[in-house]
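# Observations on the three-dimensional arrangement
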Amino acid sequence: MKKSILLLFLLVSSFVFSQNIFWYDVLLEVDSKNASTVADLVDGFYSNHSKPSNVTVAFSSIPLKGASEKATHIISITSESSKSLADFRNSLKGDDWDLYISKMNNYIKSARSAAGRDLINNGSETSYPIGQAWVFKAKNTQLNSLTQAFGKLIKSYKFDGFVAMGQIVHGTENGESLYIYTTYSDLNAAFNFGPQSKNDAAAFAEFTKVLDNIEYSKTFTRVLIKRH
C-alpha cells in the first residue's frame, strides 16, 4: 500500500526490577499547517478503536531534533505483553482503518515505522509528557556489558521519571540499534537532567566509560499531545 502508515516508538531480557516493554511506533512528517488536522484524525480513530487495557497509544510532537530527522510527530504503541501488542497491531484493518489511512495520506509527507523492546528500565510508572531518546550504533556483542553498566547507573542515580535502555529490533536505519530513553515532568526538568551531586557525577562517569566504543547517532525529544 503506497504511503501506508504502519505504526512506531524505539525498545533483549530485563533485570529483576524491570518490566519488559514492547513498542511499535510510526514517525510522521507533517507540515505545520496540517498538524492539528492530523492530531484530530489520530485522536478520532484511536478513541473509537477497541484496545486491550494493557496497550497504550500515545501521539506526540517532535519539536527538538537534528536537521536530518524529518519526522515531526510520532504515534507510539506500547505494551508489557508482546502478544497484546501484536494482536492490537493486527486489529488495525477493515473499513474504518482504510478510511483513516486514506484521510491521513492527504496530510502526511512521509512515514516510517520501527519496533523493539526494553533491555532494562527503572520500572517507573510515571506518565510524564516529555520524552527524550539518545540513539546509538551498537553491536550485539556489546549489549550485555552495556546493560550491566546501565543497571548499575539506575541503581546509583535516582531518575525522577521513566528511564530505559532498549534495542531497536525492526526498522533500524544505518546501523542504529540501541537507545536510551527518559521522561521528564516538564521542560525545566529536561533542561536540568544529569548529575546533581558528586556521587551522581561518579555514577554517570562510570557508565559513560562503556559508551566510549559505541557510536552515537542522534537524539530527539517528543512532547505528548494525547494518550489513549
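Residues numbered from 1 in each chain as written. Predicted model: local features only at pLDDT ≥ 70, side-chain atom pairs only at ≥ 80, totals over all residues. Heavy atoms only, no water.

## Some points on the pattern of salt bridges
Counting across every chain of the model gives 8 salt bridges. Between Lys109 and Asp31 there is a salt bridge whose closest N-O contact spans 3.4 Å. Residue Lys109 is found in strand S4 (residues 108-121), and its partner Asp31 is found in the loop between strand S1 (22-30) and helix H1 (35-48); the two are separated by 78 residues along the sequence. You can call Asp31 partly exposed: its relative accessible area is 29%. In this structure, Lys226 engages Asp43 in a salt bridge whose closest nitrogen and oxygen atoms are separated by 3.0 Å. (Salt bridge = Lys/Arg side-chain N within 4 Å of Asp/Glu carboxyl O. Helix = DSSP H or I, 4+ residues; strand = E, 2+ residues; numbered from the N terminus. Buried < 20%, exposed > 50% of the residue type's maximum accessible area, 1.4 Å probe, protein only.)

## Let's talk about the layout of surface pockets
There is about 260 Å³ of room inside the second largest pocket. In this structure, the second largest pocket is lined by 16 residues; those nearest its centre are Ser68, Glu69, Arg112, Glu173 and Lys218. Elements with a contribution of two residues or more to the lining of the second largest pocket: S1, S4 and strand S8 (215-227). (1 Å grid on protein atoms, 1.4 Å probe; cavity = no way out; pocket = protein on both sides within 12 Å on 5 of 7 lines; lining within 4 Å. Points joined across faces, edges and corners; volume = space filled by probe spheres on them.)

## Here we look at the side chain of Glu69
In this fold, Glu69 is placed in the loop between strand S2 (55-64) and strand S3 (73-79). A residue is classified by how much of its surface remains accessible, and Glu69, at 8% relative accessible area, is buried.

## Description of the packing of aromatic side chains
With the rule as written, the count across this model stands at 16 aromatic pairs. With a centroid separation of 4.6 Å and an interplanar angle of 15°, the aromatic rings of Phe45 and Tyr100 are classed as stacked. Here the residue Phe45 occupies a position in helix H1, and Tyr100 occupies one in helix H3 (residues 95-104), the gap between them amounting to 55 residues. Here Phe45 and Tyr100 have matching classes, each one buried. The interplanar angle of 40° and the centroid separation of 6.5 Å between the aromatic rings of Tyr46 and Phe88 together place this pair among those described as tilted. Pair noted here: Tyr46 is in helix H1 and Phe88 is in helix H2 (residues 82-90), with a separation of 42 residues, a long-range link. Note on Phe88: relative accessible area 2%, which makes it buried. Ring-pair connections join several aromatic residues into one group, and the members of that group are Trp134, Tyr157, Phe159, Tyr184, Phe193 and Phe204. (Phe/Tyr/Trp six-rings, centres within 6.5 Å; stacked < 30°, edge-to-face > 60°.)

## A word on the pairing of strand S6 (residues 163-170)
Counting buried positions over the 8 residues of S6 gives 6, a clear majority of the element. The pairing of S6 with strand S7 (residues 178-184) spans 5 bridges and is classified as antiparallel. Pairing of Val163 across the sheet is with Thr182, part of S7. (Pairing = 2+ DSSP bridges.)

## Some points on the pairing of S4
Pairing of S1 with S4, which is carried by 9 bridges, proceeds in the antiparallel orientation. Considered in S4, the bridge of Leu28 is made with Ala111.

## Things to note about the confidence of the model for the protein
Per-residue pLDDT for the protein has a mean of 89; in total, 92% of the residues score no lower than 70. A low-confidence stretch, residues 1-18 stays under pLDDT 50, and its non-local contacts, those more than four residues away or across chains, total 93 contacts. (pLDDT = per-residue confidence, 0-100. Contact = heavy atoms within 4.5 Å.)

## Some thoughts on unusual backbone geometry
Despite not being glycine, Asn174 has its phi angle at roughly 55°, a positive value. With respect to the helices, strands and loops of the structure, Asn174 is situated in the loop between S6 and S7. By relative accessible area, which is 59% here, Asn174 ends up exposed.

## Regarding helix H4 (residues 143-156)
Look at H4: 20 Å from first C-alpha to last across 14 residues, which is about the 20 Å you get at 1.5 Å a residue. All of the buried residues in H4 are Leu143, Leu146, Thr147, Ala149, Phe150, Gly151, Leu153 and Ile154. On its buried side, H4 packs onto S4, S6, S7 and helix H6 (198-209). (Expected span 1.5 Å × (residues − 1).)

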